[in-house]
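Listed here are the chains, written in short residue letters.
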There are 2 protein chains.
Amino acid sequence: MASITEVARLAGVSAATASRVVSESDYPVSAAARARVLDAARELDYVPNALARGLLKSRVPVVAVIVHDITDPYFSEVVRGVEDAASNAGYLVISCSSERDPVREASYVRLLRSMRAAAVVFAGSGLDDAAANAEIERHLAAMRADGAAIVHLSPHAGGDPEVGVDNAAGIAAMVVALVGLGHRRIAFLAGPETLFVARERLAGYRRGLEAAAIAYDERLVARTGFDLAGGALAVDLLRATEGTGSVTAICSANDLLALGALQRLAALGVGVPDGVSVAGFDDISTAALTAPSLSTVRLPLRELGRLGFEQADRRLAGEEPAPRRLATEVVLRASTGMPGTGLGSGR
Amino acid sequence: MASITEVARLAGVSAATASRVVSESDYPVSAAARARVLDAARELDYVPNALARGLLKSRVPVVAVIVHDITDPYFSEVVRGVEDAASNAGYLVISCSSERDPVREASYVRLLRSMRAAAVVFAGSGLDDAAANAEIERHLAAMRADGAAIVHLSPHAGGDPEVGVDNAAGIAAMVVALVGLGHRRIAFLAGPETLFVARERLAGYRRGLEAAAIAYDERLVARTGFDLAGGALAVDLLRATEGTGSVTAICSANDLLALGALQRLAALGVGVPDGVSVAGFDDISTAALTAPSLSTVRLPLRELGRLGFEQADRRLAGEEPAPRRLATEVVLRASTGMPGTGLGSGR
DNA sequence: TCCCGGCCAGAAAAGGATTACTATCGGCCC
DNA sequence: GGGCCGATAGTAATCCTTTTCTGGCCGGGA
């Protein structure tokens, strides 16, 4: 591969001049020299070495997105949003699936630090795990000191996200919508307690109940993993609990839980929504494809990613942009309806 | 951020010695010096600069995956497979959504070249677009000459993939399975003609018909985009064609097409499978979640990604691994059954 | 005529790590 | 005792680009 030196030699100028031309510096270069350099660069198929450049600038045009799992439609959508904005700005996007494993996450962040990534966007919620967060925070501090931008899209140990959605308000709105349909016994699939975002959503559930003057009943809250399997398990847990037969609606902290519940309910012969109504949260692309199609709360995921990059970009430019909070929207599809026969029905 | 020089100074040794310790070279270093260097590195929170290292080695521990769209479950699954294998080997994964736009793809490859990515894995099928492929090929040639590994997981302009599946055999097997259920009039949603993989799958459809001694009928083949919208459109196209009312099964070149068809058929009031049977291809995670759940051909997508990285890794190690072909498997779910009332039924 | 400012070109240093090469020292063989 | 070898340590070159600094040259003002 040709280097700037070879381009300079072919063009009959110094490396400095060649560099000024190809990197579009505003240092003045005569038109003649400029043309010769451009010709030489084309001739040699010159592509600048981003590593050499990065070594000097202590930053390489790469933004990383830390997700829990790239195959989760929630995260792939966010990553796509980051990528749309980032590629316009000439950045590449690294995606890291941490599987919610703090050790993996830490080793990713270390690698990103060693690569001098310009920015790190944390798409997933942080975990409440002090020991693990310590190492991550050490790396992040070093990166920040070095000029990198760190952006969170979900609540985390360090506080609120720079760009995010109002999770509590979103869930509360769904609870209110369910109440509007006539439901009074509404269960909640809460996901894991260690996840900050899950806590916010649980708080939203409580707030929604409060707004409807319905008493909070701990027995109606199922805490499981944040995925399909967790949703199925939650249904079983709920049904095994005393006093849940009269539940007519299940509100979920995310779509995957709701989808898992849907599958399990179908297997159990509980109709949806004529037995129980089921609502999700996130509006991942699959939600509209299931049968019955899933009522949920739409999060502008791609937009979230786009704004996440934009926030990072402005930070890199030395600005101090204000935090952003995006609006959510309740989307009622076929999985919710008037109160039915209840969770206790079916086989 | 501390450099190796500072570590060396604190340890009271030369940079060379410090480097030999932290990079685990097999050059002999006394136990005493080694311990002092390790202590100093820990003390200074030293993390080697991957750019400096990469500048020297002309390669950075990054593997890129070129996909059409990371939000397509097919691709996110493949990317995840690459990542699983790559992160074990200490690599980061860059994903690039080209949107099947050759210009975008070319600019991504250029960026990867400038970054000295160690490997590029093309997850999606190539497009038959000579002009666009020329620039890409120029960059790839330079990267290969520089020691990078290029791996394709789908057929492309340059020929067969290094790791891939037998698309034709997979589709043919599904056609045979449909024939086994009693179908004789089987339509095919082919996707775009310009996509190499779509051509292979169409060939598989013809081969399957041939095996069942059914004449190929061009009117039963719908060529559209490779996504949900394409599937819906294909149903409309088919229904607008003379002589398709008797079609009892729709075989699709990928799951997204089949899912789009499913949605459209539901809207049209054509039952599945009692009106027509619908079959997909790929077995993306959504396929099992729809209603009716989608019969399809399972591709080991994650495994494909894993092996793609492994192939790249072995190439980087100087080996010349043999191409791999992975087996596919017909998965019959609820969207297929005995021949029904036909595509012409419904509203 | 002399000096100064503007324009442009180039030399050289810096950024961080690796490695080929050189150097030192103790010990061993003849 | 001289020469040589093995084990370590260090020096310096190298990867490629950017940028600061120096300097040449030309035109214009005093």
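Just so it is clear, the structure is predicted and the values come from calculations on it, not from any experiment.

About the cut-offs
- Residues numbered from 1 in each chain as written.
- Chains lettered and ligands numbered in written order.
- Predicted model: local features only at pLDDT ≥ 70, side-chain atom pairs only at ≥ 80, totals over all residues.
- Near = placed C-beta within 6 Å.
- Helix = DSSP H or I, 4+ residues; strand = E, 2+ residues; numbered from the N terminus.
- Nonpolar A, V, L, I, M, F, W, Y, C, P; charged D, E, K, R; others polar.
- Pairing = 2+ DSSP bridges.
- Least-squares fit on C-alpha atoms with pLDDT ≥ 70 in both.
- Contact = placed C-beta atoms within 7 Å.
- Expected span 1.5 Å × (residues − 1).
- Buried ≥ 20, exposed ≤ 12 C-beta atoms within 10 Å, placed from the backbone.
- Arc of directions from axis to C-beta.

A. Focus on the protein's contact with DNA strand C. Around DNA strand C lies a shell of 28 residues, among which A:Pro28, B:Ser3, B:Ile4, B:Ala16 and B:Ala52 are the nearest. Elements represented by at least two residues in the surface near DNA strand C include exactly helix 2 (15-22) and helix 4 (50-57) of chain A together with helix 1 (4-11), helix 2 (15-22) and helix 4 (50-57) of chain B. Per element, the largest residue contribution to the surface near DNA strand C is five residues, and it comes from helix 2 of chain B. A class-by-class count of the residues in the surface near DNA strand C yields 17 nonpolar, nine polar and two charged.

B. Molecular detail of the sheet that holds strand 6 (residues 186-189) of chain B. All names here are of chain B. Judged by pairing direction, the sheet is parallel, and its four strands sit side by side in the order 7-6-8-9 without closing on themselves. Since the sheet does not close on itself, it has two edges, and those belong to strand 7 (221-222) and strand 9 (277-279), each with one partner. Pairing between strand 6 and strand 7: two bridges, direction parallel. Along strand 7, the bridge assignment pairs Phe-188 with Val-221.

C. Inspection of the relation of the copies chain A and chain B at higher detail. When chain A is brought onto chain B, the operation consists of a screw motion whose angular component is 180° and whose axial shift is 0.0 Å, with 0.0 Å RMSD remaining. Both copies of the chain, as the preceding transformation shows, are related through a two-fold rotation axis. Same-surface contact between copies: 100% of interface residues of chain A are shared with the interface of chain B.

D. Inspection of the protein's contact with DNA strand D at higher detail. Surveying the vicinity of DNA strand D reveals 26 residues, the closest of which are A:Ile4, A:Ala16, A:Ala52, B:Ala16 and B:Ser30. Contributing elements (two or more residues each) for the surface near DNA strand D: helix 1 (4-11), helix 2 and helix 4 of chain A together with helix 2 and helix 4 of chain B. Considering each element in turn, the surface near DNA strand D owes the most residues, five residues, to helix 2 of chain A. Its residues placed into classes, the surface near DNA strand D shows 15 nonpolar, nine polar and two charged.

E. View of helix 3 (residues 31-43) of chain B. Residues and elements named next belong to chain B. Relative to the 18 Å expected for 13 residues at 1.5 Å per residue, helix 3 spans 18 Å between its end C-alpha atoms, a close match to the ideal helical length. Buried within helix 3 are the following residues: Arg-36, Val-37, Ala-40 and Ala-41. Looking straight down helix 3, one finds that the buried residues subtend no more than 135° of arc, so they occupy a single side. Seen from the open side of helix 3, the exposed residues pointing more than 90 degrees away from its buried face are Ala-31, Ala-32, Arg-42 and Glu-43. Phi turns positive, to about 50°, at Asp-45, one or two residues after helix 3.

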